[in-house]
Structure formats: structure tokens, C-alpha cells
Amino acid sequence: MLLEIVTGIFWAVGLYLLVDFIAGFFHWAEDTLGTPETPIWGQTFVAPNVLHHNAPLEMNKIHWFRNSLPIYLICIAVLGVAWLTDSLGWKVWFFAFVGLFAQQTHRWSHTPRKALPRLVVFLQRLEILQDAKHHYKHHRADHSTHFCVGTPWLNPILDRFGVWKFLERMLVPVFGAPRRPDLDDKTWYNDRAFYSRQ
């Protein structure tokens, strides 16, 4: 019984971090690949992200449901696929439940502390949820670090081990990064990449 509880806790923490990493990867892609004019991707994800970087608090003016709708649709799709493949267990439910809050935890890091629910403040103090001070590290410079928005745990590790730099090295030569002038001087950068001139 104890082993099952400990195993369940490890699974829950691992899934929580997996959701944070996936959200961080998506955030990295929004910040790096394409322009607001890129078909579908740009209009749906890049344009709102550019607005967010220019006016970070604007996201709090959008209704929380509308702000998180794309994530809700992805979570519903994950649950649907799991149901169709007969693999809908507690781990998938937990993954989807945590995923539903990925954008909301980002939103809370842009909300004044006095306006946050007490439970959120408590979880931020315990460093279970990311707080504004940690998330500010992403907004303070060229938006090239601290992409994970759920916890404060992954960003120091991913940044230290160069995970985002590795992804840039692998994907930017293919897709381009026209909104990332910090990459222009890289010898591997391909300014003729697929999305660079769109």
C-alpha cells in the first residue's frame, strides 16, 4: 500500500513537470517561430503572444475561458484519444487536469498578489506554482529563457543545460526565427528558412 502511494506521488509530480515542459516548449515555439502573418500558427498563437510581450497585463483583461480555450481543446483531444484507445486511467485524467491550468498559472504570474486567490498565493509561496518574480525573468530581456510557466522548478535546469538553445539549433534553421534578432549572428541561422520571409 505504501509503495503504491509513493509510486502515485512520483507519477503525479512527473506528470506535473511534463505538463510544465510541454507548455514551456509551446511557449518557446510561440516566442521563436513564425510571425503574426504566418498562416494559421501566426494568427492563432504568435499575434496574441506578441501582444502579451508588449503589454503583459493585457491577458488579464481577456476572459479566463477564452484565454485558455486552445489548451482546453487540446486536453479534450488527449482525453478523447485515450478513451478511444482504452487507456483512460488516472494518469491521463491527472495530465489533462493539470494541463487545463497551464495558461491560468501563467495568468496568475501576471496578476497582482492582492488579487490572487489565497490558495494560489499559498502554492506560489511553497513554490508549487510559479510566481511573478520568477516569471519576470522571461519578460525582462529578450524572451529567450524561462519559458515554462507552471512551476519554478524546470526553468533553471532547462536553461542551465541549454535545452532551448538546442531546440533553436535544431528547429530555427528549418523554420526561421524572424522575431529573434539575438539569433541573427549565429552561423547556423538560415535566413531563408521556411517561415522567415512569410
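Residues numbered from 1 in each chain as written. Predicted model: local features only at pLDDT ≥ 70, side-chain atom pairs only at ≥ 80, totals over all residues. Heavy atoms only, no water.

1. Focus: the overall build of the protein
So the rule is basically this: Think of it this way: any DSSP run of H or I at least four residues long counts as a helix, any run of E at least two long counts as a strand, and we number them from the N terminus. In this description the radius of gyration comes from C-alpha coordinates, and the expected globular size is given by 2.2 Å times residues to the power 0.38. Calculation of accessible area relied on Shrake-Rupley with a 1.4 Å probe; when residues are assessed, cover is drawn exclusively from the protein chains displayed. Only four residue types enter the tally: Lys and Arg on the positive side, Asp and Glu on the negative side, with His and both chain ends excluded. By convention, charge coordinates are those of NZ in Lys, CZ in Arg, CG in Asp, or CD in Glu.
Assigned secondary structure in the protein consists of 9 helices and 0 strands. Reading the secondary structure of the protein in the N-to-C direction produces α-α-α-α-α-α-α-α-α. Against the compact-globule benchmark of 16 Å for 198 residues, the protein has a radius of gyration of 18 Å, which places it among compact chains. Taken along the three principal axes of its C-alpha coordinates, the protein extends 55 × 45 × 35 Å. Carbon and sulfur atoms form 69% of the exposed surface of the protein, whose accessible area is close to 12,000 Å². For the protein, the separation between the mean place of its 19 positive charges and that of its 16 negative charges on side chains is 6 Å.

2. Quick notes on the confidence of the model for the protein
Our working rule: The pLDDT score gives, residue by residue, the confidence of the prediction method on a 0 to 100 scale.
Within the protein, residue pLDDT values average 88, and 92% of them lie at 70 or more. Predicted confidence in the protein is weakest over helix H2 (residues 41-54), with a mean pLDDT of 86, and strongest over helix H6 (residues 118-125), with 97.

3. Focus: the side chain of Gln103
Formally: Categorising residues by exposure relies on relative accessible area from a 1.4 Å probe, with only protein chains included: less than 20% of the type maximum marks a residue as buried, more than 50% marks it as exposed, and the intermediate range marks it as partly exposed. In protein, a polar contact requires one atom able to donate a hydrogen and another able to accept it; more generally it is a pair of N or O atoms within 3.5 Å, and residues adjacent in sequence count only if both atoms are side-chain atoms. By definition, residues are in contact when any of their heavy atoms lie within 4.5 Å.
The residue Gln103 is located in helix H5 (residues 102-108) in this model. Among the residues examined, Gln103 registers a relative accessible area of 17% and is labelled buried. A polar side-chain atom of Gln103 sits 3.1 Å from a polar atom in the side chain of Asn67. The contact partners of Gln103, leaving out residues within four places of it in the chain, are Met59, Asn67, Ser68 and Ile71.

4. Here we look at unusual backbone geometry
Its identity is not glycine, yet Asp86 carries a phi of approximately 55°, on the positive side. Along the chain, Asp86 turns up in the loop between helix H3 (64-84) and helix H4 (90-100). Positive phi values are uncommon outside glycine, yet His146 reaches one of about 55°. Considering the arrangement of structural elements, one finds His146 in the loop between helix H7 (132-139) and helix H8 (154-160).

5. Structural notes on the side chain of Asn67
Positionally, Asn67 belongs in helix H3. Look at Asn67 and you get buried, because its relative accessible area is 14%. Non-local contacts of Asn67, meaning those with residues more than four positions away in its chain, are made with Met59, Ile62, Gln103 and Arg107.

6. A closer look at the packing of aromatic side chains
As a reminder, the rule being used: Between rings of Phe, Tyr and Trp, where Trp is taken as its six-membered ring, a pair exists when centres lie within 6.5 Å; planes separated by under 30 degrees are stacked, by over 60 edge-to-face, and by other angles tilted. For a ring to carry a charge above it, either NZ of a lysine or CZ of an arginine must fall within 6 Å of the ring centroid while also lying within 35 degrees of the normal to the ring plane.
The tally for this structure, following the rule as stated, stands at 12 aromatic pairs. Between Phe26 and Trp41, the aromatic rings sit 5.5 Å apart at their centres with planes inclined by 70°, giving edge-to-face as the arrangement. Of the two residues, Phe26 sits in helix H1 (residues 2-32) while Trp41 sits in helix H2, which places them 15 residues apart along the sequence. Taken together, the ring pairs in this structure connect Phe21, Phe147 and Trp164 into an aromatic cluster. One Lys or Arg, Lys91, reaches over the ring of Trp11 and ends 4.0 Å from the middle of that ring.

7. Brief notes about the environment of Trp108
Mapping Trp108 onto the fold places it in helix H5. In the structure, Trp108 is positioned 16 residues away from Gln124 in sequence and 9.5 Å away in space, judged by C-alpha atoms. Setting aside anything within four residues of it in sequence, one finds Trp108 in contact with Phe101, Leu116, Pro117, Val120, Gln124 and Leu129.

8. A few points about H4
We count it as follows: The arc in question is formed by the directions pointing from the helix axis toward the C-beta atoms.
Here H4 has its buried residues at Val92, Phe95, Ala96, Val98 and Gly99. The buried residues of H4 all sit within an arc of 165° when viewed along its axis, so they share a single face.

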